[in-house]
Every structure is written in C-alpha cells, then in structure tokens.
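Below are the chains, spelled out letter by letter.
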Amino acid sequence: SQQGEEDPQALSIQEGENATMNCSYKTSINNLQWYRQNSGRGLVHLILIRSNEREKHSGRLRVTLDTSKKSSSLLITASRAADTASYFCATKGGGSYIPTFGRGTSLIVHP
Amino acid sequence: EAGVAQSPRYKIIEKRQSVAFWCNPISGHATLYWYQQILGQGPKLLIQFQNNGVVDDSQLPKDRFSAERLKGVDSTLKIQPAKLEDSAVYLCASSLAVTGFSGNTIYFGEGSWLTVV
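Residues numbered from 1 in each chain as written. Chains lettered and ligands numbered in written order. Predicted model: local features only at pLDDT ≥ 70, side-chain atom pairs only at ≥ 80, totals over all residues. Heavy atoms only, no water.

S.K.: Provide a residue-level description of the overall build of chain A, including the pertinent values.
M.R.: Scanning chain A from N- to C-terminus turns up zero helices and eleven strands. Moving toward the C terminus, one meets the helices and strands of chain A in the order β-β-β-β-β-β-β-β-β-β-β. The C-alpha atoms of chain A give 13 Å as radius of gyration, which agrees with the globular expectation for 111 residues (13 Å, within 12%). Its C-alpha atoms put chain A at 45 × 25 × 20 Å along the principal axes. The buried share of chain A, reckoned over its 111 residues, is 45%. By sequence separation, contacts in chain A at least 24 residues apart represent 55% of the contacts at least 6 residues apart. Of the charged side chains in chain A, 13 are positive and 9 negative; the average position of the first set lies 7 Å away from that of the second. (Helix = DSSP H or I, 4+ residues; strand = E, 2+ residues; numbered from the N terminus. Rg over C-alpha atoms; globule rule 2.2 N^0.38 Å. Buried < 20%, exposed > 50% of the residue type's maximum accessible area, 1.4 Å probe, protein only. Contact = heavy atoms within 4.5 Å. Lys, Arg positive; Asp, Glu negative; His and termini not counted. Charge placed at Lys NZ, Arg CZ, Asp CG, Glu CD.)

Here it is as structure tokens:
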C-alpha cells in the first residue's frame, strides 16, 4: 500500500506559533500532496511536491520532501485560528495512479 | 469556476435500506473518484473512473456498493443494503486526468454524510 501516515495525530498550539506535521510513506512516489479539511467540509488541496523536488513554498506553507527517508513535512508559519483543521498527505506512485491518504493530523490553533 | 457538487448533504437511513448519492464533477475533468471517510480516519478510495470507464474499484464492497458514470460526467454511488458500518462521509472528487508525472490536483466536494441506524 502507498498509504502515507501523518504524525503527530493531534497538535495543539497558540496563534502565532509554527506548526509542523510529518508524513511517512512506504514505497517510491511520483509526487506527494498535502490537503486540509475543515470540520464538516471536503478536502482542499494545499500544495504538491514532486519526487525530484526537495522544498516548496506557498504563502505561509513550506513543504519538504526527503525521498531517502520516505518522508515529507508540512510547516505552517505564524499560525492563525483559521488554520484549525485536519491535514492529510496523499501519495501516488510505485506504478499506481491511486492517490492514497493517511489518517491525518488534527491541528488546533488557540486564539 | 463551479466546484464538485454532491447531493444529498445528509442522509439518515435504517440498516438494510438503500441509499444513492449523486456527484457532478468540475466541467472537463475526466477522472472522478468516490472516497469513503469514516470519522477520525483519512479518506479511502472506493472507486475511480476515467471518463465512463472504471480505473480501480478494488476497495469497493461490490456485494452492496455500486457506482456508475454512464455518460462520463455525473456519477451515482449506491449502497444496498446498508449496514451500520457504512456510516461515513462519502466524498466525490475529480481531477483533469489520471496519469502524468506532473500530478493532478484532486478537487473534492463537500461530501454526503450518511448515518445508518
């Protein structure tokens, strides 16, 4: 299975702090994507990083990818209460076109 | 641009009854996905269509679940008969295409919440 697994399962921080969550996967990938899911809503795409990229930025988001360790991290800088959500990584690769999601990290940002 | 539309948003049924969910993907998106998300877990792919053909349905419980995308646009997911463990959110998603090293962003609908009692 390509399933990525996020760590930690839950994260609670104060507004203004940085939040870091990690994703580990099992086999080679073509790309890795991060998604956010607000409570009761669908998933929203945040950022995609390809297997030949090591770091990518989008606004307050920074994603890194270490293919040797089969892991990725998502950093949210200067967090806001509105960042409270679950964050999922999705991997695709190893000959499969099926995007597979992990269990997610639940982030709570206290105002 | 209109997003992925799903209906109904909420449904409560008794076990052994049937239910159907409808999805209209983003215009021009060839690939359509149905995911099942149980509370506290990540989405699990049930079935993936490329136009009106099935790419993967290996995790679809075919004894009770069925899905179709007859004209390569809208899709319906049916559960018959429903079990208690089918209580979940059913997410429909779409993307431009299946293949490609560049990857394709998957756009999700708001989901259809099913409670089986």
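More follows now that the structure is in view.
S.K.: Describe the sheet that holds strand S1 (residues 5–7) of chain B, with residues and values.
M.R.: All names here are of chain B. Sheet architecture is open: four strands sit in the order S1-S3-S8-S7, paired in antiparallel fashion. What marks the edges here is a single partner per strand, and that holds for S1 and strand S7 (65–68). Within this sheet the neighbouring strands show an average axis-to-axis angle of 15°, counted without direction. Strand direction decides the pairing type here: S1 and strand S3 (residues 19–24), joined by three bridges, are antiparallel. Across the sheet, residue serine 7 finds its bridge partner in S3, namely tryptophan 22. (Pairing = 2+ DSSP bridges. Axes fitted to C-alpha atoms, helices over the stretch in contact; angles between N-to-C directions.)

S.K.: Which residues make up the layout of surface pockets, and what are the values?
M.R.: One number sums up the size of the largest pocket: a volume of about 530 Å³. What lines the largest pocket is a set of 29 residues, among which Gln37 and Ser86 of chain A together with Gln37, Leu39 and Gly40 of chain B lie closest to the centre. At the level of secondary structure, the elements contributing two or more residues to the lining of the largest pocket comprise strand S9 (85–92) and strand S11 (105–110) of chain A together with strand S9 (88–95) and strand S11 (112–116) of chain B. No other element matches S11 of chain A, which puts four residues into the lining of the largest pocket. The class makeup of the residues in the lining of the largest pocket is eleven nonpolar, 15 polar and three charged. (1 Å grid on protein atoms, 1.4 Å probe; cavity = no way out; pocket = protein on both sides within 12 Å on 5 of 7 lines; lining within 4 Å. Points joined across faces, edges and corners; volume = space filled by probe spheres on them. Nonpolar A, V, L, I, M, F, W, Y, C, P; charged D, E, K, R; others polar.)

S.K.: Please set out the pattern of salt bridges residue by residue, giving values where relevant.
M.R.: Counted by the stated rule, this structure contains seven salt bridges over all chains. With its nearest N and O atoms 2.9 Å apart, the salt bridge here joins arginine 60 of chain A to aspartate 83 of chain A. Placement of arginine 60 of chain A in the loop between strand S6 (55–58) and strand S7 (61–66) and of aspartate 83 of chain A in the loop between strand S8 (71–76) and S9 is noted, with a sequence separation of 23 residues between them. A salt bridge links arginine 64 of chain B to aspartate 86 of chain B; the nearest nitrogen and oxygen atoms lie 2.5 Å apart. (Salt bridge = Lys/Arg side-chain N within 4 Å of Asp/Glu carboxyl O.)

S.K.: Explain the state of the cysteines residue by residue, including any values.
M.R.: Residues and elements named next belong to chain A. Enumeration over the complete set of coordinates arrives at two disulfides over all chains. Each sulfur in the disulfide pair cysteine 23 and cysteine 89 lies 2.0 Å from the other. Residues cysteine 23 and cysteine 89 are joined through a disulfide that is right-handed, its torsion about the S-S bond being 65°. Of this pair, cysteine 23 sits in strand S3 (residues 19–24) while cysteine 89 sits in strand S9, and the two are 66 residues apart along the sequence. On the accessibility criterion, cysteine 23 (1% relative accessible area) is buried. (Disulfide = S-S within 2.5 Å.)

S.K.: Mind laying out the nonpolar core, listing which residues take part and the relevant values?
M.R.: In summary, soluble globular proteins display a tendency toward joint burial of nonpolar side chains. Core analysis: the largest hydrophobic core is formed by 22 residues, its most contacted members being Met21, Leu32, Trp34, Leu74, Ile76, Tyr87 and Leu107 of chain A. Of all the secondary-structure elements, those providing two or more residues to this core are strand S2 (10–14), S3, strand S4 (31–37), strand S5 (43–50), S7, S8, S9 and S11 of chain A. In contact with isoleucine 76 of chain A, other than residues within four places in its own chain, are Glu17, Asn18, Ala19, Met21, Arg60, Leu61, Asp83, Tyr87 and Leu107 of chain A. Residues Ile26, Ile47, Leu114 and Val116 of chain B belong to the second largest nonpolar core, which totals 21 residues. (Core = buried A, V, L, I, M, F, W, Y, C linked by side-chain atoms within 4.5 Å.)

S.K.: Got a sec to walk through the pairing of S6 of chain A? Specific residues and values, please.
M.R.: Within a regular strand, side chains alternate between the sheet's two faces. Residues and elements named next belong to chain A. In terms of strand pairing, S6 meets S7 through four bridges, oriented antiparallel. Bridge pairing links glutamate 55 to threonine 64 in S7. In this structure, the hairpin formed by S6 and S7 is closed by a connection of two residues, where glycine 59 is found at a positive phi of approximately 60°.

S.K.: How would you summarise the environment of leucine 32 of chain B if you had to cite specific residues and measurements?
M.R.: All names here are of chain B. Checked against the element boundaries, leucine 32 lands in strand S4 (residues 31–37). Overall, the relative accessible area of 0% leaves leucine 32 in the buried class. Between the alpha carbons of leucine 32 and aspartate 86 there is a distance of 21 Å; along the sequence they are 54 residues apart. With residues near it in sequence (within four places) discarded, leucine 32 still touches Cys23, Pro25, Ile47, Gln48, Phe49, Arg69, Val73, Ser75, Cys92, Ala93 and Ser94.

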